[in-house]
Structure formats: structure tokens, C-alpha cells
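Chain by chain, the residues run as shown.
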Amino acid sequence: MCYPDKSNPTGEVSQNLTANQTQIKRKRGGQKGNRNACKHGFYSGTLSPAETSQLWNITNLEGVDPEIAFIRVKLQSSLQYDPGNRRVIREASRLLVKWYSENYGLDATDSNYLKTVVENLLEIASMRQSASPHGSQI
């Protein structure tokens, strides 16, 4: 297949193809082994073995609800990867407020106030983590 040569103002088709282009035909979409769609941190769908262990420790030893423990583990790993990521902080605070509102019957005013408080606390924790040389635990 020949592609138009953009450096050629007349629009003629260039016949300069490398051997690699003529031998390998690629399929549409992501290629085998492609990791472009892999997500990390808060938005990944899976937990690493260390995160799984941490989740079970928080749930069993500290008696924290598994949903809250999951948010805590994902938030911590996300902020270690990218401290100060406001999108992660907003998403974590939204999920925490949603959980508390459903489980404790908070009205809209209380939910909005709780969301503001949680976001501010997470912002402070994020700034502290990004300022410390090794990061801190949330």
C-alpha cells in the first residue's frame, strides 16, 4: 500500500517503503502485548498482591467496611503514583460520601458538607505525601 508523501507538494504517491512495512501486516486496534489501555492507581480494575493483603488487613484487623477499605487502598496507591492528583481526590471523596450517605441516611445538605470536608482532608493528606521524601500512609 502506498501513502501520499506529505513533503511532496504535487501530491504524488511515494514508493519509498521500508522492508518492515511490506512484510508485517498489522490488524486494526491494539496489537498483541499492547499495554496502552492498562490503568493504574484508583482507576485500575484490579489490586496488586500487596494491595490485596493490605485490604484484608484493614478489613480484618481494623474492622473497617470492605468498601471503605478498598477506597482507602486505591487512594493510597494512586496518590503514591501521582501525588496531588485532584481527579483521584474528587472521585475518592465522592465514593466515600456516597457510601456514608446511603448507610447513615444523610440528606443533601449533610452530604455536600461531608464532601467538602473529605475533599479538604484528602487535599491536605495529598500535599503532605507529595512533600515528604518517601510518602506517607493515608
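Just above, that's the structure.
Read on for an overview of the structure. (Residues numbered from 1 in each chain as written. Predicted model: local features only at pLDDT ≥ 70, side-chain atom pairs only at ≥ 80, totals over all residues. Heavy atoms only, no water.)

1. Describing the overall build of the protein
Then, in step 1: A count of helices and strands for the protein gives five helices and zero strands.
Then, in step 2: If you list the helices and strands of the protein from N to C, you get α-α-α-α-α.
Then, in step 3: Scored against the burial criterion, the 138 residues of the protein give a buried share of 24%.
Then, in step 4: Considering only contacts in the protein between residues 6 or more positions apart, those separated by 24 or more positions represent 52%.
Then, in step 5: For the protein, the accessible surface area stands at approximately 10,500 Å², while carbon and sulfur atoms represent 52% of it. (Helix = DSSP H or I, 4+ residues; strand = E, 2+ residues; numbered from the N terminus. Buried < 20%, exposed > 50% of the residue type's maximum accessible area, 1.4 Å probe, protein only. Contact = heavy atoms within 4.5 Å. Areas by Shrake-Rupley, 256 points an atom, 1.4 Å probe, with all protein chains shown as cover.)

2. Quick look at the packing of helix α3 (residues 66-81) against helix α4 (residues 86-104)
Then, in step 1: Where α3 contacts α4, the two axes come as close as 10 Å, and the packing angle between them is 170°. In this view, α3 runs roughly antiparallel relative to α4, as classed from their interaxial angle. Residues Glu67, Ile68, Ile71, Leu75, Ser78 and Leu79 of α3 form the contact with α4, whose own contacting residues are Val88, Ile89, Ala92, Leu95, Leu96, Trp99 and Tyr100. (Axes fitted to C-alpha atoms, helices over the stretch in contact; angles between N-to-C directions. Parallel < 35°, antiparallel > 145°, perpendicular 65-115°, else oblique.)

3. A word on helix α5 (residues 108-131)
Then, in step 1: With 24 residues, α5 should cover 34 Å at 1.5 Å per step; its first-to-last C-alpha distance of 34 Å lies within 8% of that length.
Then, in step 2: Among all positions in α5, only Ser111, Val118, Glu119, Leu122, Glu123, Ser126 and Gln129 are buried.
Then, in step 3: On the buried face of α5, the contacting elements are α3 and α4. (Expected span 1.5 Å × (residues − 1).)

4. Details of the environment of Gly84
Then, in step 1: With respect to the element layout, Gly84 can be found in the loop between α3 and α4.
Then, in step 2: The spacing of Gly84 and Gln129 is 45 residues in sequence and 8.5 Å in space, taken between C-alpha atoms.
Then, in step 3: Those residues in contact with Gly84, other than ones at most four positions away along the chain, are Leu79 and Ser126.

5. Examining the packing of aromatic side chains
Then, in step 1: Within this structure, the stated rule accounts for three aromatic pairs.
Then, in step 2: Measuring from centroid to centroid gives 4.8 Å for Trp99 and Tyr100, while their planes differ by 85°, and the two rings are edge-to-face.
Then, in step 3: In this structure Tyr100 comes out as partly exposed when scored by relative accessible area, which is 32%.
Then, in step 4: The interplanar angle of 70° and the centroid separation of 6.2 Å between the aromatic rings of Trp99 and Tyr104 together place this pair among those described as edge-to-face.
Then, in step 5: The class of Trp99 is buried, set by a relative accessible area of 11%.
Then, in step 6: Counting every residue linked through ring pairs, the aromatic cluster contains Trp99, Tyr100 and Tyr104. (Phe/Tyr/Trp six-rings, centres within 6.5 Å; stacked < 30°, edge-to-face > 60°.)

6. Some thoughts on the pattern of salt bridges
Then, in step 1: Under the definition given, this model contains four salt bridges.
Then, in step 2: Close ionic contact of Glu62 with Arg72 constitutes a salt bridge, the shortest N to O distance being 2.9 Å. Of this pair, Glu62 sits in helix α2 (residues 49-62) while Arg72 sits in helix α3, and the two are ten residues apart along the sequence.
Then, in step 3: Taking relative accessible area as the criterion, Glu62 reaches 48% and is therefore assigned partly exposed. (Salt bridge = Lys/Arg side-chain N within 4 Å of Asp/Glu carboxyl O.)

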